[in-house]
Amino acid sequence: MPRVTRVPSALPPALEAREVRHGFGNQTVLHGVSLAVQPGEVVAVSGPSGSGKSTLLHLLGGLDTPQGGEVWWAGERVDTLNTQARARRRAGRVGLVFQHHYLLEDLSVLDNVRVPALLSGDGGEERARGLLERVGLADRGRDLPGVLSGGERQRVALARALVTRPAVVLADEPTGSLDRANADRVAELLLGLAREEGSGVLLVTHDERQAGRADRALHLLDGRIGEEQEELGHPAS
Ligand SMILES: Nc1ncnc2c1ncn2[C@@H]1O[C@H](COP(=O)(O)OP(=O)(O)OP(=O)(O)O)[C@@H](O)[C@H]1O
Ligand SMILES: [Mg+2]
């Protein structure tokens, strides 16, 4: 039985790429990538090192502008916006989690979680406290990030990514620097929180166990995206 991957909904995709092309110098990395993440859907992206996964995530997160094609967030085209307008749109639509957590070392854990909410003009303190509690760090809000473990820091980064209730969370190897137990805990929290909140997730991962938690798995190869449904642990028998 094929698994149902679409969430029936009149809403536009949380995230959409249409024929996205990008490269560096005379190297073309992405040759026209199209994909969509529906609200509440978890999509995994895998592919060899250097295949352009991080490049794609940066473009989809609006941190960089594609050389061709279109990026849409919750029904609005954003690749044509200037950096400032895009940063304003990002709040509430897109949360970002990276392999290394990029916390601001001079701010408390609680303030780190609040940063995206501050940018959107919404203080979000209660929301931030709730998320810290949800990731098991309720009593660490006043600490500086420097005293936390790697797994704890990544859980702060998850809380930060979700604080504005984004339509989609883009995560680039979020468990890549963690040991197996912490990786499982962070992946469970990411997917569990996103499902509770109805956020879509685009998860870049090398780890087949993590990819197996997704609703759908995509593979980036030679600058193009393919679907690999048979890889999802649903043997065709
Ligand atoms: N800022 C940049 N300037 C020049 N080349 C770049 C830049 N960013 C990425 N590249 C090149 O683009 C290609 C894709 O890199 P990217 O980081 O997207 O790969 P990746 O799939 O994320 O790899 P990994 O699995 O190792 O993280 C690589 O050949 C890389 O050298
Ligand atoms: Mg990468």
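The residue numbers shown here count from 1 along each chain, following its written sequence. Naming scheme: in the order in which they are written, chains are lettered from A and ligands are numbered from 1. Totals for whole chains, interfaces and linings use all residues, but because this is a predicted model, local features are given only for residues with pLDDT of at least 70 and pairs of side-chain atoms are given and counted only at 80 or more. Values shown for side chains rest on all heavy atoms present in the structure; no hydrogens or waters enter the calculation.

The protein chain has the name ABC transporter ATP-binding protein in an unreviewed UniProt entry, where Deinococcus terrestris is given as its organism. Turning to the protein chain, the UniProt annotation filed under Sequence similarities (unreviewed entry) states: "Belongs to the ABC transporter superfamily." UniProt positions are given in the numbering used here, feature names are shortened, and annotations may be inferred rather than shown by experiment.

A. Summary view of the pattern of salt bridges. A pair is scored as a salt bridge if a Lys or Arg side-chain nitrogen falls within 4 Å of a carboxyl oxygen belonging to Asp or Glu. Under the criterion given, the structure shown has 19 salt bridges. Of the charged contacts in the structure, one is a salt bridge between Glu152 and Arg140, with a shortest N-O distance of 3.5 Å. Within this pair, whereas Glu152 is found in helix H5 (residues 150–162), its partner Arg140 is found in the loop between helix H4 (125–134) and H5, the two being separated by 12 residues in sequence. The network of salt bridges with shared partners includes Glu16, Arg18, Glu70, Arg77 and Asp79. Secondary structure elements are taken from DSSP: a helix is a run of H or I of four residues or more, a strand is a run of E of two residues or more, and numbering for both begins at the N terminus.

B. Broad picture of the site of ligand 1. Being near a molecule or strand, for a residue, means having at least one of its heavy atoms within 4 Å of it. Taken together, Phe24, Gln27, Val29, Pro48, Ser49, Gly50, Ser51, Gly52, Lys53, Ser54, Thr55 and His206 make up the full set of residues adjacent to ligand 1. Gly50 places a main-chain nitrogen or oxygen 2.8 Å from an oxygen atom of ligand 1. Pairs of N or O atoms are called polar contacts if they sit within 3.5 Å, as long as, within protein, a hydrogen donor faces a hydrogen acceptor (for residues adjacent in sequence, only side-chain-to-side-chain pairs). A distance of 2.7 Å is found between an oxygen atom of ligand 1 and a side-chain nitrogen or oxygen belonging to Lys53. Each accessible area is a Shrake-Rupley result for a 1.4 Å probe, and residues are judged covered by the shown protein chains and nothing else. Burial of ligand 1 by the protein chains amounts to 57% of its free accessible area of 630 Å². Contributions of two or more residues to the shell around ligand 1 are made by strand E2 (27–37) and helix H1 (53–60). The biggest single contributor to the shell around ligand 1 is H1, with 3 residues. Residue polarity is assigned by list, with Asp, Glu, Lys and Arg as charged and Ala, Val, Leu, Ile, Met, Phe, Trp, Tyr, Cys and Pro as nonpolar; anything else, Gly included, falls into the polar class. Here the shell around ligand 1 is composed, by residue class, of 3 nonpolar, 8 polar and 1 charged.

C. Here's a closer look at the pairing of strand E9 (residues 216–221). When strand E3 (residues 42–46) meets E9, the two strands line up parallel, connected through 4 bridges. The residue of E9 that forms the bridge with Ala44 is Ala217. Pairing between two strands requires that DSSP report at least two bridges joining them. Sheet topology note: the E9/strand E10 (residues 224–227) ladder contains 4 bridges and is antiparallel. In the sheet register, Leu218 faces E10, and the bridge partner there is Glu227. Linking E9 to E10, which pair antiparallel, is a turn of 2 residues; within it Asp222 sits at a positive phi near 50°.

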